[in-house]
Amino acid sequence: MQLAAGDRVKWKIEYDYTYYKVYDGKGHLAGYFFPHYGQIVPEEKEDEVIGKMNKAHDTVPEGTLLVPMAKLDLLDREDGLDLGSAIASLEANLARTKFWDGWLKENARQFSIFGSTVYTAREDRNMLSIALGISRDFTLGEKEVKEALTPLLDQLHADGLL
């Protein structure tokens, strides 16, 4: 699907310690970007070195974008869940997961995505997140990371995945 002008989101990127938070146009947290800094020696200076790399707007060869993939809405329910609702939730999430799979097969090359891994979100056990490994040079810095990720974020948004 091609993006129309009205489909554009004003993404905001915020550096936080060693990674970047991604916010949508409404200010909601949409994901995280983790630059791959490589092996830093000595390890005990890692935080300091990474801070300097970000301030200097160094370039890293790849990174990982972590975004929500599916909301299970099955776990930790005190009131329980009837079987029909459980089946409906599982079917809906299977369809969404298959959509993600198809999307990645069609778009991975265009966005330099070399792999994906699914995780349970730390903050919400009912949320599955997908980590997209991206192999391309990223210049560090909020403005630069935003510029690099915007085409991918826009496409995920336009296709209903973000």
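Residues numbered from 1 in each chain as written. Predicted model: local features only at pLDDT ≥ 70, side-chain atom pairs only at ≥ 80, totals over all residues. Heavy atoms only, no water.

Describing the overall build of the chain
For clarity, the threshold we go by: The numbering of helices and of strands both runs from the N terminus, where a helix is a DSSP run of H or I of at least 4 residues and a strand a run of E of at least 2. Only protein chains enter the calculation, and the probe is 1.4 Å; a residue is then buried if its accessible area is under 20% of its type maximum, exposed if over 50%, and partly exposed in between. The contact criterion used is simple: two residues touch if any of their non-hydrogen atoms lie within 4.5 Å. Calculation of accessible area relied on Shrake-Rupley with a 1.4 Å probe; when residues are assessed, cover is drawn exclusively from the protein chains displayed. Charge counting follows a simple rule: Lys and Arg are positive, Asp and Glu are negative, and His as well as the terminal groups are ignored. Throughout, a charge is located at the NZ atom of Lys, the CZ atom of Arg, the CG atom of Asp or the CD atom of Glu.
The helix and strand tally for the chain stands at 3 helices and 6 strands. In the chain, the order of α-helices and β-strands from amino to carboxyl end is β-β-β-α-β-α-β-β-α. Overall size of the chain, expressed as C-alpha extent along the three principal axes, is 55 × 40 × 30 Å. When the 162 residues of the chain are sorted by exposure, 39% land in the buried category. Sequence-distant contacts, at least 24 apart, represent 62% of the contacts inside the chain between residues at least 6 apart. If you sum the accessible surface of the chain, you get close to 10000 Å²; carbon and sulfur atoms cover 51% of it. Each charge class in the chain was averaged separately, 19 positive and 27 negative side chains, and the resulting centres sit 4 Å apart.

Observations concerning the nonpolar core
Quick reminder of the rule: Nonpolar cores were defined as sets of buried Ala, Val, Leu, Ile, Met, Phe, Trp, Tyr and Cys residues, with membership established by side-chain atoms within 4.5 Å.
Ranked by size, the top nonpolar core spans 35 residues in total, and within it Leu65, Trp100, Trp103, Ile113, Leu149, Leu152 and Leu156 carry the most contacts. At 6 residues, the largest contribution of residues to this core is made by helix α3 (residues 142–158). Apart from the residues lying within four places of it in its own chain, the contact partners of isoleucine 113 are Trp103, Leu104, Ala108, Leu132, Gly133, Ile134 and Leu152.

A short note on the pairing of strand β1 (residues 12–16)
Stated precisely, the cut-off is as follows: Paired strands are those between which DSSP finds at least two bridges.
As paired strands, β1 and strand β2 (residues 19–23) are joined by 5 bridges and run antiparallel to one another. Considered in β2, the bridge of glutamate 14 is made with lysine 21. Between β1 and the antiparallel strand that follows it, β2, lie 2 residues; tyrosine 17 among them carries a positive phi value of about 70 degrees.

Quick notes on the sheet that holds strand β3 (residues 29–35)
For clarity, the threshold we go by: Only the stretch in contact is used when fitting a helix axis, every axis being a line fitted to C-alpha atoms; angles between N-to-C directions are given from 0 to 180 degrees.
Spatially, the 6 strands line up as an open sheet ordered β1-β2-β3-β4-β6-β5, and their pairing is antiparallel. One side of each edge strand has no neighbouring strand; the edge strands of this open sheet are β1 and β5 (113–120). In this sheet, adjacent strand axes meet at a mean angle of 25 degrees when their direction is disregarded. In terms of strand pairing, β2 meets β3 through 4 bridges, oriented antiparallel. Within the sheet, the bridge partner assigned to tyrosine 23 lies in β3 and is leucine 29.

Brief notes about the packing of aromatic side chains
Counted only if it meets this: Aromatic pairing here means that ring centres of Phe, Tyr or Trp (its six-membered ring) are within 6.5 Å. Orientation follows from the plane angle: under 30 degrees is stacked, over 60 is edge-to-face, and everything else is tilted. Placement of a positive charge over a ring is assigned whenever Lys NZ or Arg CZ falls within 6 Å of the ring centre and within 35 degrees of the normal to the ring plane.
Considering all chains together, one arrives at 8 aromatic pairs under this definition. The interplanar angle of 50 degrees and the centroid separation of 4.7 Å between the aromatic rings of phenylalanine 33 and phenylalanine 138 together place this pair among those described as tilted. Residue phenylalanine 33 is located in strand β3, and its partner phenylalanine 138 is located in strand β6 (residues 127–139); the two are separated by 105 residues in the primary sequence. For phenylalanine 33, a relative accessible area of 0% puts it in the buried group. The rings of Tyr15, Tyr20, Phe33 and Phe138 are connected pair by pair, giving a single aromatic cluster. Geometry around tyrosine 23 places lysine 12 over its ring, the cationic atom sitting 5.8 Å from the centre. Cation over ring: arginine 136 sits above phenylalanine 138, and NZ or CZ is 5.1 Å from the ring centre.

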